[in-house]
Amino acid sequence: MRLSFCPLASGSSGNSVFLGTKETKILIDAGLSGKKISENLSKKGIDCKDVDAIFITHEHNDHIKGAGILSRRYNIPIYATPGTWDGMKNELGDISPQNIKYVYAEENCVINDICLKPFLIPHDANEPVAYNIFLVNLKATVATDMGHITKPILEKLKDSNILLLEANHDTKMLKEGPYPFYLKERILGKFGHISNVVAGKVLREIFNEKLAHVYLGHLSEQNNSPKLAFDTVKYILEDEGIIVGRDINIEMANRYDASTKIEV
Ligand SMILES: [Zn+2]
Ligand SMILES: [Zn+2]
């Protein structure tokens, strides 16, 4: 059985990831307009009306913007933690009761042949989660919007075959950049976002032969660049003898457009 995985957009301006099999099509987050999500999906040969479920990580607008529209237009159920539902129910517009679905951290949620298991992450939202996705012996993980990395989170990331990992900012750029003080404090804080260096250290820590493909995503537009994020992570890995392109593939997830679709 094969699993397809494709970030449809990634960054503070909107996040959504497609993953699917022959039988099942899933979005994790829908933080762009419904129109843009369906356009980016169709560029990869996927029809939005075939999407079986939308899973939400947390209620920030860059993760939910198009969820309500897509749910109404294509009758798609939305899955989120109780806290996330509390945080987003006034933002989504009317969702028909049968499309309001709950997930709980550490509990499996099965959609046909795919199993999703959310886990809690430290971020300034109601009950934010990242997702492990399982298909037979394959594991994919979508993990962004994390203020810091704990040991339990490292365990969740380990043994992924595909990983979308946040590399939000370059700390120096952020500190010296134009953001107001409170925003810098928020991003750098324990419930904000992780930096390029932290992303590199995470990959160094969890690297094994299973980890074939990594997307770095959720980059800050002001405080990072794709080249800087890639080079920082590459340097940290190569310092440990892990050669990018030989031992591991690393790709920058596109900010506005769909990235390469991976099949494993
Ligand atoms: Zn967020
Ligand atoms: Zn976000």
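Owing to the predicted nature of the structure, the values given are computational and were not obtained by experimental measurement. Note that residues are indexed from 1 along each chain, following the sequence as it is written. Chains carry letters from A onward and ligands carry numbers from 1 onward, assigned in written order. In view of the model being predicted, local features appear only for residues whose pLDDT reaches at least 70, and side-chain atom pairs are presented and counted only at 80 or more, with totals across whole chains, interfaces and linings using the full set of residues. To get the side-chain values, take all heavy atoms of the structure and skip hydrogens and water.

**Considerations on the overall build of the protein chain**
Numbering of helices and strands runs from the N terminus, with a helix taken as a DSSP run of H or I at least four residues long and a strand as a DSSP run of E at least two residues long. The helix and strand tally for the protein chain stands at 9 helices and 14 strands. As a reference, a globule follows 2.2 Å times the number of residues to the power 0.38, and the radius of gyration itself is taken over C-alpha atoms. In terms of overall size, the protein chain behaves like a compact globule, its C-alpha atoms giving a radius of gyration of 17 Å where 264 residues would be expected to give roughly 18 Å. Its C-alpha atoms put the protein chain at 50 × 45 × 35 Å along the principal axes. The contact rule is simple, with two residues in contact once any of their heavy atoms fall within 4.5 Å. Excluding contacts between residues fewer than 6 apart, the proportion of contacts in the protein chain whose partners are at least 24 apart in sequence is 62%. Here the protein chain displays about 11,400 Å² of accessible surface, and carbon together with sulfur accounts for 50% of that area. Note on charges: Lys and Arg go in the positive column, Asp and Glu in the negative column, and His and the chain ends are not counted at all. One atom stands in for each charge, and that atom is NZ of Lys, CZ of Arg, CG of Asp or CD of Glu. Averaging the coordinates of the 31 positive side-chain charges in the protein chain and doing the same for the 34 negative ones gives two points 2 Å apart. Per-residue accessibility takes into account occlusion by the displayed protein chains alone, with areas from the Shrake-Rupley method and a 1.4 Å probe.

**Some remarks on the sheet that holds strand β5 (residues 78–80)**
Here 7 strands make up an open sheet; going across it, the order is β6-β5-β4-β3-β2-β1-β14 and the pairing mixed. Lying at the two open borders of the sheet, with one neighbouring strand each, are β6 (100–102) and β14 (262–263). Strand pairing follows a simple DSSP-based rule, namely that at least 2 bridges must link the two strands. With 3 bridges joining them, β5 and β6 adopt parallel strand pairing. If you follow Tyr79 over to β6, its bridge partner there is Lys101. Relative to strand β1 (residues 4–9), helix α1 (residues 34–43) is tilted by about 140 degrees, and along the sheet it contacts β1, β2 (16–20) and β3 (25–28). Against the sheet, helix α3 (residues 67–74) makes contact with β3, β4 (53–55) and β5, and its axis sits at roughly 140 degrees relative to β5, the strand it touches most. Inter-axis angles, ranging from 0 to 180 degrees, are taken between N-to-C directions of lines fitted to C-alpha atoms, where helices are fitted over the stretch in contact.

**Quick look at the pattern of salt bridges**
Salt bridges are defined as contacts in which a side-chain nitrogen from Lys or Arg sits within 4 Å of a carboxyl oxygen from Asp or Glu. What the rule picks out here adds up to 15 salt bridges. For Arg255, the salt bridge is made with Glu221, and the minimal N-O distance between the two is 4.0 Å. One end of the pair, Arg255, is in the loop between β13 (249–252) and β14; the other, Glu221, is in the loop between β12 (213–217) and α9 (226–239), and 34 residues separate them in sequence. Relative accessible area decides the class of each residue, using a 1.4 Å probe on protein chains only: under 20% of the type maximum gives buried, over 50% gives exposed, and in between gives partly exposed. A residue is classified by how much of its surface remains accessible, and Arg255, at 17% relative accessible area, is buried. Residues participating in the shared-partner salt-bridge network are Asp47, Lys49 and Asp50.

**Observations regarding the environment of Glu221**
Between the C-alpha atom of Glu221 and that of Leu163, which follows or precedes it by 58 residues, the distance is 21 Å. Not counting chain neighbours up to four residues away, the residues in contact with Glu221 comprise Ser12, Arg255 and Tyr256.

**Concerning the nonpolar core**
Leu157, Leu165, Leu203, Leu216, Leu237, Ile248 and Ile250 are the most contacted members of the largest nonpolar core, which totals 28 residues. Mapped by element, the contributors of at least two residues to this core are α5 (151–157), β11 (162–166), α8 (196–206), β12, α9 and β13. The dominant element in this core, judged by the number of residues it contributes, is α8, at 4 residues. When near neighbours in sequence (up to four residues on either side) are disregarded, Leu237 contacts Gly200, Leu203, Arg204, Ile242, Val244, Ile248 and Ile250. Among buried residues, those of type Ala, Val, Leu, Ile, Met, Phe, Trp, Tyr and Cys that are joined through side-chain atoms within 4.5 Å constitute a nonpolar core.

**Some thoughts on the coordination of the zinc ion (ligand 2)**
Coordination of the zinc ion (ligand 2) by the protein is provided by Asp62 (OD), His63 (NE2), Asp145 (OD) and His218 (NE2), with metal-donor distances spanning 2.1 to 2.2 Å. Note on donors: an N, O or S atom is included if it sits within 2.8 Å of the metal, or within 3.2 Å for Na, K and Ca, and water is never included, so sites can look incomplete. Only two sets of limits are used to name each site, 85 to 135 degrees for every angle of a tetrahedral four-donor site, and over 155 degrees for opposite donors with all other angles from 65 to 115 for a square planar four-donor or octahedral six-donor site, with any other site named irregular. Between the 4 donor atoms coordinating the zinc ion (ligand 2), the angles at the centre fall across 90 to 166 degrees, so the site counts as irregular. Here the donor residues for the zinc ion (ligand 2) map to a single chain with the spacing D-H-x81-D-x72-H. Separating the zinc ion (ligand 2) from the zinc ion (ligand 1) is a gap of 3.4 Å, bridged by Asp145, which donates to each. One end of the pair, His63, is in helix α2 (residues 61–64); the other, His218, is in the loop between β12 and α9, with 155 residues separating them in the sequence. Classification of His63 as buried rests on a relative accessible area of 0%.

**Some words on the environment of Ser195**
Within the fold, Ser195 resides in the loop between α7 (181–188) and α8. Here the alpha-carbon distance between Ser195 and Asp170, two residues 25 residues apart in the chain, equals 5.7 Å. If we ignore the near neighbours within four places in the chain, the residues touching Ser195 are Ala167, Asn168, His169 and Thr171. In protein, a polar contact requires one atom able to donate a hydrogen and another able to accept it; more generally it is a pair of N or O atoms within 3.5 Å, and residues adjacent in sequence count only if both atoms are side-chain atoms. One polar contact links the side chain of Ser195 to the main-chain amide nitrogen of Val198, over a distance of 3.2 Å.

**Some remarks on the coordination of the zinc ion (ligand 1)**
Summarising the metal site, the zinc ion (ligand 1) is bound by the protein donors His58 (NE2), His60 (ND1), His123 (NE2) and Asp145 (OD), whose distances to it range over 2.2 to 2.5 Å. Between the 4 donor atoms coordinating the zinc ion (ligand 1), the angles at the centre fall across 90 to 172 degrees, so the site counts as irregular. For the zinc ion (ligand 1), the single-chain donor residues occur in sequence as H-x1-H-x62-H-x21-D.

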